[in-house]
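Observations on chain architecture
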Amino acid sequence: MRDARDAEDTRLLGTGEIDLLLAGWYETIVDVCVAKMRGPVGEDVAQAVCERLWKELKAGRHRDGKLPFRVVVYSVSSWVCRGWYEPGWQENELFDLDGAAPDETERVIVELTLEQFVATLAPGDGAVARLYYLDGLEPGEIAERLDKKPNAVYQAISRNKAKLMEWLQT
């Protein structure tokens, strides 16, 4: 999954299709930000992450291929989440990933939080949540893998998002 996604991201970066690139990552960015911020403010943070990524990509940043775009997404998401409540935080600064190692700690924390959440779900919804949140599969792929109708998968994702928001607020 990652190799195919990385190849598509590289293709979109190369052709300058930034809007399509960010659209493909939007739900992941929202999910990561909601999990990190532990509540609905994560949606506002996700919007700021998308705007920041768009500005940086338009400015020619992160196009050298040194890091997979997924690393850029998780790094910028972590940076914006950490700085969200800090006074004097400058969202206009361009984020410099060149030479920086990706922060795997943040990714692991998010994955552990999501695994804890998935464990609270009924088996059917849990299987959908695991494939959607942890494995990064699209709803169509989940439907095919679980032998479910796509509408049933979309309904499970919708239920899971509502339950996740409630779970994070407790």
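The structure displayed is predicted, hence computed values, not measured ones. (Residues numbered from 1 in each chain as written. Predicted model: local features only at pLDDT ≥ 70, side-chain atom pairs only at ≥ 80, totals over all residues. Heavy atoms only, no water.)

One non-glycine residue with positive phi stands out, namely aspartate 147, at about 55 degrees. On the accessibility criterion, aspartate 147 (72% relative accessible area) is exposed. (Buried < 20%, exposed > 50% of the residue type's maximum accessible area, 1.4 Å probe, protein only.)

Below, the discussion takes up the state of the cysteines. Tallying each qualifying case throughout the model produces 0 disulfides. In this structure cysteine 33 is not part of a disulfide, and its nearest cysteine sulfur, from cysteine 81, lies 4.0 Å away. With a relative accessible area of 0%, cysteine 33 lands in the buried category. (Disulfide = S-S within 2.5 Å.)

Side chains of residues three or four places apart in an α-helix project in the same direction, reflecting 3.6 residues per turn. Its 12 residues give helix α6 (residues 123-134) an end-to-end C-alpha distance of 15 Å, which sits within 8% of 16 Å, the value for a rise of 1.5 Å per residue. Of the residues making up α6, those classed as buried are Asp125, Gly126, Val128, Ala129, Leu131, Tyr132, Tyr133 and Leu134. Once α6 ends, the next one or two residues include glycine 136, with phi positive near 70 degrees. (Helix = DSSP H or I, 4+ residues; strand = E, 2+ residues; numbered from the N terminus. Expected span 1.5 Å × (residues − 1).)

Turning next to the pattern of salt bridges. Proximity of charged atoms lets side chains of opposite charge pair with each other. Applying the stated criterion across every chain, the model contains 8 salt bridges. Two residues, arginine 5 and aspartate 9, come together in a salt bridge whose shortest N-O distance is 3.7 Å. Of this pair, arginine 5 and aspartate 9 both sit in helix α1 (residues 2-15), 4 residues apart, which is roughly one turn of that helix. Residue classification places arginine 5 among the buried residues on the basis of a relative accessible area of 18%. Between glutamate 27 and lysine 161 there is a salt bridge, with the nearest N and O atoms lying 3.1 Å from each other. In this pair, glutamate 27 is assigned in helix α2 (residues 18-37) and lysine 161 in helix α8 (residues 150-169), connecting sequence segments 134 residues apart. The exposure class assigned to glutamate 27 is partly exposed, which follows from its relative accessible area of 39%. Judged by its relative accessible area of 29%, lysine 161 is partly exposed. Salt bridges sharing common partners tie together Glu8, Arg11 and Glu17. (Salt bridge = Lys/Arg side-chain N within 4 Å of Asp/Glu carboxyl O.)

To continue, consider the packing of aromatic side chains. This structure, assessed with the given rule, holds 3 aromatic pairs. A centroid spacing of 5.1 Å and a plane angle of 80 degrees characterise the contact between tyrosine 132 and tyrosine 133, whose relative ring orientation is edge-to-face. The same class applies to tyrosine 132 and to tyrosine 133, which are both buried. Cluster of aromatic residues (ring-pair linked, three or more members): Trp25, Phe69 and Tyr74. (Phe/Tyr/Trp six-rings, centres within 6.5 Å; stacked < 30°, edge-to-face > 60°.)

If you look at the biggest cluster of nonpolar residues, it comprises 46 residues, and the most contacted ones within it are Ile29, Val49, Leu53 and Phe69. Residue assignment for this core shows that the elements contributing at least two residues are α1, α2, α3 (41-58), α4 (69-83), α5 (104-119), α6, α7 (139-146) and α8. The biggest single contributor to this core is α2, with 10 residues. Formed jointly, this core draws a minimum of three residues from each of two domains, domain 1 (4-106) and domain 2 (114-168). (Core = buried A, V, L, I, M, F, W, Y, C linked by side-chain atoms within 4.5 Å. Domains from an automatic or database assignment.)

For the rest of this paragraph, the subject is the packing of α2 against α4. The N-to-C vectors of α2 and α4 enclose an angle of 40 degrees; their axes lie 10 Å apart at closest approach. With respect to α4, the axis of α2 lies oblique. Note on packing geometry: the crossing formed by α2 with α4 is right-handed. Residues Leu21, Leu22, Trp25, Thr28, Ile29, Val32, Cys33, Lys36 and Met37 of α2 touch α4, and the partners they reach there are Phe69, Arg70, Val73, Tyr74, Ser77, Ser78 and Cys81. Residue composition of the contact of α2 with α4, grouped by class: 11 nonpolar, 3 polar and 2 charged. (Axes fitted to C-alpha atoms, helices over the stretch in contact; angles between N-to-C directions. Parallel < 35°, antiparallel > 145°, perpendicular 65-115°, else oblique. Left-handed = near helix turned anticlockwise from the far one by under 90°. Contact = heavy atoms within 4.5 Å. Nonpolar A, V, L, I, M, F, W, Y, C, P; charged D, E, K, R; others polar.)

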